[in-house]
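Single-letter residue listing:
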Amino acid sequence: SMERDMEQCRTRKHTVVLVPPPLQGHMTPMLQLGSILYSKGFSIVVAHSEFRPPDPLNHPGFIFHALSDNLSGYQASINNLLDLISAINSNCRAPLQDYMVQLMEDQKLQGYQVSCMIYDALLFFVDSVSTHLKIPSIILRPNMAAYMLSCHCICKLQAENRIPFPESRLQEPVPELHPLRFKDLPYPITNAIPEWLMDFNASSINIRSSVATIWNTTDCLEHSTLSRLQQCYKVPCFPIGPLHKLEAAATATSFLEEDQSCISWLERQPPNSVIYISLGSIACINEQELTETAWGLANSGIPFIWVLRSDSIDGSQLDDHFPEGSFKSLLGERGLIFKWAPQKKVLAHRAVGGFWSHCGWNSTIESICEGVPMICRPHFADQIVNARYLTYEWKVGLEIENVVDRGSIEKSIRRLMVEVEGKEMRQRMLIMKDKLEAGLQKGGSSYESLNDLTEFITSVSS
Ligand code: UDX
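In the nomenclature of an unreviewed UniProt entry, the chain corresponds to UDP-glucose iridoid glucosyltransferase-like from the organism Coffea arabica. According to its UniProt record, the chain has this under Sequence similarities (unreviewed entry): "Belongs to the UDP-glycosyltransferase family."

In structure tokens form, the structure reads like this:
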């Protein structure tokens, strides 16, 4: 009841301003965090880019404000993501500051106050606004904590003049970064890393004047990593994940429409029989990989749901590359293809027994929470680190490395879906699932951390 008293005294008098970027894997955890803080009695304002805004109808209690960003007509693709982020960092600074000044005045008149700003780790510009206006700021990290340490390591290698790093030593373990090898670092280090990428990396590990960091991970997965980061940053660190498993966070957050029709098809499939394939919102494959995957799926005999966004294939039409005959005749019967699926529902369905994933952190933690073992095909950045943990440390995923021929794809799918190896991985996943769920219960680490966070936010409000 002391908790309830705290919530009473906060009731909507304390406002938290959230600043997310227009990327699915970052927008989702920010909106989930907003919903959770809302349920704890805070008012929530979301200041977002005009480009690809969140849908206010999914969050009737929030206030949404679009920051003018000069990005109308912008075509986001995998090749210009950092341009998009850097345009938002420079174009939205003044609009955010103007808006904040106005908001603070309005709130004061009503006897309310802005407690803090919580911004995504990519949006560096928020720090200059919050410092200027003397509002405490907190960074939300949507990745695994181990990714942060691997970014620190890239900086260190560069400072020690060890990049380009010899190809012959890539298999060696990175000292003090178990279980990572040099080849598991988030950027390729065998060639010089371009200056803009080094700058980006340096900005992303810098927490500037933030008074705390929030992580969509949990102490039971990353205890030692989190304590190292806490020591390094010297501000409180709140691992409160998995966010999507908190009841308050069960709101829709997809930019694309989720095709619900797969659920009735899943109802007709036996337990653990279907493989779900998705590469998240950004990663692409080439035509050859598309064709080989289609053949591998066809030959495996395993039922499948395959998400292929309209921009999943580098610059061409999907249909042109599907094998004629055998593969196409499976569609609608043994397999389904969708542009976007209700992923969390699919993973939670008893018929789904495996997940072929690019290992984005949201997908990873969603799969763990449903006890679904994985085929890991990381594409870039943190995905490579996540895949190493899944395959080597936790032993709940199979690694596919740059092999894109139909034979090895078929074999991997069968190893995961029908062989003993896959069953053992599923058992280990179920143990992880239980641990993560326990962390969210009263007395669990994420539960306690979330309470600490809400008290912290209330206490930093001046
Ligand atoms: C990006 C990065 O690539 C990722 O590595 C980082 O950790 C976060 O930001 P993304 O590539 O989109 O994200 O992958 P991921 O983190 O897995 O997020 C994708 C989200 O979209 C998940 O929450 C997933 O449930 C959802 N999704 C995906 C759907 O709802 N439907 C789909 O069909 C596919």
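On to the overall build of the chain, then. Counting secondary structure elements, the chain contains 17 helices and 13 strands. On C-alpha atoms alone, the chain measures out to a radius of gyration of 22 Å, which is about the 23 Å that the 2.2 N^0.38 rule sets for 462 residues. Across the 462 residues that make up the chain, the buried fraction comes to 43%. Nonlocal contacts in the chain, meaning residues at least 24 apart in sequence, comprise 71% of its contacts between residues at least 6 apart.

A sheet is described by the order of its strands in space; here 6 strands give the open sequence E10-E9-E8-E11-E12-E13, paired in parallel fashion. Whereas interior strands pair on both sides, the edge strands pair on one side only; in this sheet they are strand E10 (335-338) and strand E13 (397-399). Averaged over all pairs of adjacent strands, the angle between strand axes in this sheet comes to 15°, irrespective of strand direction. Pairing geometry for strand E8 (residues 274-278) and strand E9 (residues 304-307), over 3 bridges, is parallel. Directly across from isoleucine 277, in E9, lies its bridge partner tryptophan 306.

The end-to-end C-alpha separation of helix H6 (residues 145-159) is 22 Å, in line with the 21 Å expected for 15 residues at 1.5 Å each. Buried within H6 are the following residues: Ala145, Ala146, Tyr147, Met148, Leu149, Ser150, Cys151, Cys153 and Ile154. Once H6 finishes, asparagine 161 follows within two positions and takes phi at roughly 60°, a positive value.

Bringing the site of the ligand into the picture now. The local shell around the ligand holds 26 residues, among which Gly25, Gly280, Gly360, Asn362 and Ser363 are the closest. The set of elements that each furnish at least two residues to the shell around the ligand consists of helix H2 (24-39), helix H12 (343-348), helix H13 (361-369) and helix H14 (382-393). Its residues assigned to classes, the shell around the ligand comprises 9 nonpolar, 14 polar and 3 charged.

Below, the discussion takes up unusual backbone geometry. Here the bond from isoleucine 163 into proline 164 is cis, since omega is 0°, no more than 30 degrees from zero. Cis geometry marks the peptide bond from histidine 178 to proline 179, where omega comes out at 5°. Turning to its location among the elements, proline 179 is positioned in the loop between H6 and helix H7 (195-205). In this structure, arginine 208 is a non-glycine residue whose phi angle is positive, near 50°. Mapped onto the elements, arginine 208 comes out in the loop between H7 and strand E6 (212-215). The class of arginine 208 is partly exposed, set by 13 C-beta atoms lying within 10 Å.

This part takes up the environment of serine 77. As for its position among the elements, serine 77 is in the loop between strand E3 (63-67) and helix H3 (81-91). Residues serine 77 and isoleucine 282 lie 205 residues apart in sequence; the distance between their C-alpha atoms is 7.6 Å.

Let's shift gears to the nonpolar core. If you look at the biggest cluster of nonpolar residues, it comprises 115 residues, and the most contacted ones within it are Val16, Leu18, Ile118, Ile214, Ile275, Tyr276 and Ile305. Ranked by the residues each element gives to this core, the list is headed by H6, at 8 residues. Here valine 16 is in contact with Leu37, Phe42, Ile44, Ser115, Cys116, Ile118 and Ile457, once residues within four sequence places are set aside.

Another point: the sheet that holds strand E2 (residues 43-49). A sheet is described by the order of its strands in space; here 7 strands give the open sequence E3-E2-E1-E4-E5-E6-E7, paired in parallel fashion. Sheet topology places E3 and strand E7 (237-239) at the edges, where each strand pairs with a single neighbour. Going from strand to strand, the sheet's axes swing by 25° on average, the running direction of each strand aside.

This paragraph deals with the pairing of E2. Within E2, 7 of the 7 residues are buried, which leaves the element mostly enclosed by the surrounding structure. Note: strand E1 (residues 14-19) against E2, 4 bridges, orientation parallel. Directly across from threonine 15, in E2, lies its bridge partner serine 43. Note that the unit made of E1, H2 and E2 has a crossover that is right-handed.

Below, the discussion takes up the environment of isoleucine 240. Locating isoleucine 240 in the fold gives a position in the loop between E7 and helix H9 (262-267). Taking the C-alpha atoms as reference points, isoleucine 240 and tryptophan 196, separated by 44 residues in sequence, lie 32 Å from one another. Discounting residues that sit within four places of it in the chain, isoleucine 240 has contacts with Ile214, Ser446, Ser449, Leu450 and Leu453.

Another point: the packing of H6 against H7. In contact at an axis separation of 10 Å, H6 and H7 are set at 130° when each is read in the N-to-C sense. By the criterion of interaxial angle, the relationship of H6 to H7 is oblique. H6 and H7 meet at a crossing whose hand is left-handed. Residues Met148, Cys151, His152, Ile154, Cys155 and Gln158 of H6 touch H7, and the partners they reach there are Met198, Asn201, Ala202, Ser204 and Ile205. Class assignment of the residues belonging to the contact of H6 with H7 gives a composition of 7 nonpolar, 4 polar and no charged.

Chain-level pLDDT for the chain is 95 on average; 97% of the residues reach the 70-or-more range. Listed scores for the predicted complex are pTM 0.97 and ipTM 0.99.

Inspection of the secondary structure puts glutamate 370 in the loop between H13 and strand E12 (374-376). For the pair glutamate 370 and aspartate 405, spaced 35 residues apart in the sequence, the C-alpha separation amounts to 29 Å.

The rules behind each value
- Residues numbered from 1 in each chain as written.
- Predicted model: local features only at pLDDT ≥ 70, side-chain atom pairs only at ≥ 80, totals over all residues.
- UniProt positions renumbered as here; feature names shortened; annotations may be inferred.
- Helix = DSSP H or I, 4+ residues; strand = E, 2+ residues; numbered from the N terminus.
- Rg over C-alpha atoms; globule rule 2.2 N^0.38 Å.
- Buried ≥ 20, exposed ≤ 12 C-beta atoms within 10 Å, placed from the backbone.
- Contact = placed C-beta atoms within 7 Å.
- Pairing = 2+ DSSP bridges.
- Axes fitted to C-alpha atoms, helices over the stretch in contact; angles between N-to-C directions.
- Expected span 1.5 Å × (residues − 1).
- Near = placed C-beta within 6 Å.
- Nonpolar A, V, L, I, M, F, W, Y, C, P; charged D, E, K, R; others polar.
- Core = buried A, V, L, I, M, F, W, Y, C linked by C-beta atoms within 7 Å.
- Right-handed = clockwise from strand over helix to strand, strands pointing away.
- Parallel < 35°, antiparallel > 145°, perpendicular 65-115°, else oblique.
- Left-handed = near helix turned anticlockwise from the far one by under 90°.
- pLDDT = per-residue confidence, 0-100.

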